[in-house]
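Next come the chains, spelled out residue by residue.
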Amino acid sequence: MDAKIEHVSVILPVSNDPVIVGNISSRKSLKRHWNQLSRFQKNLACILLAGMCIFYVIFFVLPFNDPSRSSDAIDPMEHIQIAPFKERHERFAASMVKEIKLTDSLANPPTEEALAKPVAQQPEVNQQLEIVHNEPKEIVDNEENVLEENRRMPFAGAKDFKGPTNDRQRAVVEAVQHSWKGYKEYAWGHDNLKPISMGYSDWFGLGLTLVDSLDTLYIMDLQDEFDEARSWIEKYLKFDVNREVNLFEVTIRVVGGLLSAYHLSGDRMFLDKAVDLGNRLLPCFDSPSGIPFSDVNIGSLAAHAPKWSPDSSTSEVTTIQLEFRDLSRSSQNPVFEKVASRVNLKIHELDKNEGLVPIFINANTGQFRNFATISLGARADSYYEYLLKQWLQTGKKAEDYLIEDYQQSMRGVLNQLVRTTPNEKHVYIGELLNGKDFKPKMDHLTCYLPGTLLLGYKNGMPKTHLRLATDLLETCYQTYMKQPTQLAPEISYFNVNGESETDIYVKTNDAHNLLRPEFIESLYYFYAITGNRTYQDMGWTIFEAFNRYTKVKNGYTSIGNVKNPLNTRPRDMMESFWLGETLKYFYLLFSDDRNEIDLEKYVFNSEAHPLPIREV
């Protein structure tokens, strides 16, 4: 039977009074109209009204309640190079937003007993839910920087360290924590801390202190601090930036630091970062001679000679091979080792002075600078160090010419650079100005050599290396002990023909101490190889001097004058190598286990980052 559809016409009364129209007439007419509608029409109207409401809620209400649109939320496209600690709980709340998704309920179904419990007695939600972080938590300056729930299980291959085992090691850990606290508060994400002015200094803008400290923190079992550094590196250490960097410094500090952290922790993220940076350094090797340019823009990938000179430092182009070889072997990409090894061969083929090299070389011509200074200090030191260490890194199976060049250069040192003071018989290594004129000047940087010589002697080098190592270590120690602060100057001079009242003297412009590690490095090798605890006592005297004269409220500072305990002239700078090298070597020197880092399995790069020994 067909339903009869009625068409109702509603005529609204006309009134000039809007109150009457809106409040009385309109309501009566609408009610009468509604009552006259059929059931079908009423149902249809309700459905339409409900649909309009749902449409309004979905497209207008929900988007404004979406936490991801909150003004406090982090824009995923926002590029933040440095995550500051001083943006406190508001930023923390935004960074802690988590996406929750259900786990496979079939794999872990709730028990009947659990379902029967009241809501207040139900197990914690994360027993049925998996919490997935879209991004790592940002670090915030409070007492819970690294929450216990965010601590990771060890990665495969991670090396286990137990932390300090004696009072001296604990004192070094306290120094690390004090330095880290100041850095975290005032220089987080920047290269170096300025502890007195409570600020920072940027050299390359790559968080040098963070990266340099990674393996130090790991070796000392400072897991919270290590996790803080890791979180920043994963999220904020970006290399696709318009930034000029030095090939040598970034290789030993950043590439070396990332590789060491990878090998010790087993965390692949560090290797991925190192490979990214390594690729951006490769343009340096695209020079007319094959000797790499010293500088490169890691964003534009344009490499060039330093702005201050057409030449590179010899040490800069010959102290990248350990890192590039390890980068190749860890990533299974031979290109890094290949380009760095070519530099070895080119340097080997150049004429030298009994194995000794000038401190400058030109990347365009591939030749040493004529009449340049010959020194085992600044701009040449680590050339000799890496000749030996590359040979060790490859299980003594690298190209024979590397160890032959090392042996020849040490003969040159003994024949041309070693002298003894007339009164106290201090053995030291001088320089050759213009390649020929002897100068009785020795950088503190040269004090790495006793440890390197002893390491070589342990691996088959002649006994003359042992004698020089022992004599030179004592001289380096005296450069500390002869100063009222018991801290060594940057440069020491030595009496030759009675021109000085003392056999070791310091010029005013050279009296600064930068918290350098070289002598502590040598003490570590002497203790690790001989087991003689006398070297620990020597190191402890120096460590106490650092605490006495360089420790300030917010870290440690380099000083301008080691000659006057009452006027040390603090320089307001804590270089990244203080945490990366100096304190690491102190810690290992004071260890009850002199094989805490096994020298049969690891070789330290020039920035104290241990890399594994692997046969070719």
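The notes below deal with the structure included here. (Residues numbered from 1 in each chain as written. Predicted model: local features only at pLDDT ≥ 70, side-chain atom pairs only at ≥ 80, totals over all residues. Heavy atoms only, no water.)

Once that is clear, we can look at the pattern of salt bridges. Applying the stated rule across the entire model yields 22 salt bridges. Salt-bridge contacts for Asp215 lead to Lys584; the nearest nitrogen and oxygen are separated by 2.7 Å. Of the two residues, Asp215 sits in helix α6 (residues 208-219) while Lys584 sits in helix α19 (residues 576-589), which places them 369 residues apart along the sequence. You'll find Asp215 and Lys584 in the same group, each marked buried. Across the pair Arg329 and Glu337 runs a salt bridge, and its minimum N-O distance is 2.9 Å. Taken together, the salt bridges that share partners define one network made up of Arg230, Glu234 and Asp267. (Salt bridge = Lys/Arg side-chain N within 4 Å of Asp/Glu carboxyl O. Helix = DSSP H or I, 4+ residues; strand = E, 2+ residues; numbered from the N terminus. Buried < 20%, exposed > 50% of the residue type's maximum accessible area, 1.4 Å probe, protein only.)

The subject of this paragraph is the packing of aromatic side chains. Counted by the stated rule, this structure contains 30 aromatic pairs. Plain terms: the ring middles of Tyr556 and Trp578 are 4.8 Å apart, the flat faces sit at 40° to each other, and that makes the pair tilted. Of the two residues, Tyr556 sits in strand β18 (residues 555-556) while Trp578 sits in helix α19, which places them 22 residues apart along the sequence. Considering the side-chain rings of Tyr585 and Phe604, the 5.6 Å spacing of their centres and the 50° angle between planes classify their relative orientation as tilted. In this pair, Tyr585 sits in helix α19 while Phe604 sits in strand β19 (residues 602-604), placing the two residues 19 residues apart along the sequence. Assessed through its relative accessible area of 0%, Tyr585 is described here as buried. Given a relative accessible area of 0%, Phe604 falls into the buried group. (Phe/Tyr/Trp six-rings, centres within 6.5 Å; stacked < 30°, edge-to-face > 60°.)

On to the state of the cysteines. Taken as a whole and assessed by the stated rule, the structure comprises one disulfide. For Cys447, the disulfide goes to Cys476, at an S-S distance of 2.1 Å. Across the S-S bond of Cys447 and Cys476 the torsion is about -100°, and the bridge reads as left-handed. With Cys447 in the loop between β14 (441-443) and α15 (449-458) and Cys476 in helix α16 (residues 463-481), this residue pair connects regions lying 29 residues apart in the sequence. Side by side, Cys447 and Cys476 carry an identical accessibility label, which is buried. (Disulfide = S-S within 2.5 Å.)

Attention shifts here to the sheet that holds strand β16 (residues 504-505). In spatial order, the strands read β14-β15-β16; together these three strands make up an open sheet with antiparallel pairing. Where the open sheet ends on each side, the last strands, each with one partner, are β14 and β16. Examined bridge by bridge, β14 and strand β15 (residues 491-494) share three bridges and lie antiparallel to one another. By the bridge assignment for β15, Lys441 is matched with Tyr493. (Pairing = 2+ DSSP bridges.)

Bringing the nonpolar core into the picture now. Counting 153 residues, the largest nonpolar core has Leu281, Phe324 and Phe519 as the members making the most contacts within it. Broken down by element, the residue count for this core peaks at eleven residues, all from helix α8 (residues 247-265). Excluding anything up to four places from it in sequence, Leu281 contacts Val245, Leu247, Val250, Thr251, Val255, Val296, Ile298 and Phe324. (Core = buried A, V, L, I, M, F, W, Y, C linked by side-chain atoms within 4.5 Å. Contact = heavy atoms within 4.5 Å.)

Each regular strand carries side chains that alternate between the two faces of the sheet. The side-chain alternation of β15 yields two buried faces, one formed by Ile491 and Tyr493 and the other by Ser492 and Phe494. Here β15 runs beside β16; their pairing, made up of two bridges, is antiparallel. Residue pairing in the sheet places Tyr493 in a bridge with Tyr505 of β16.

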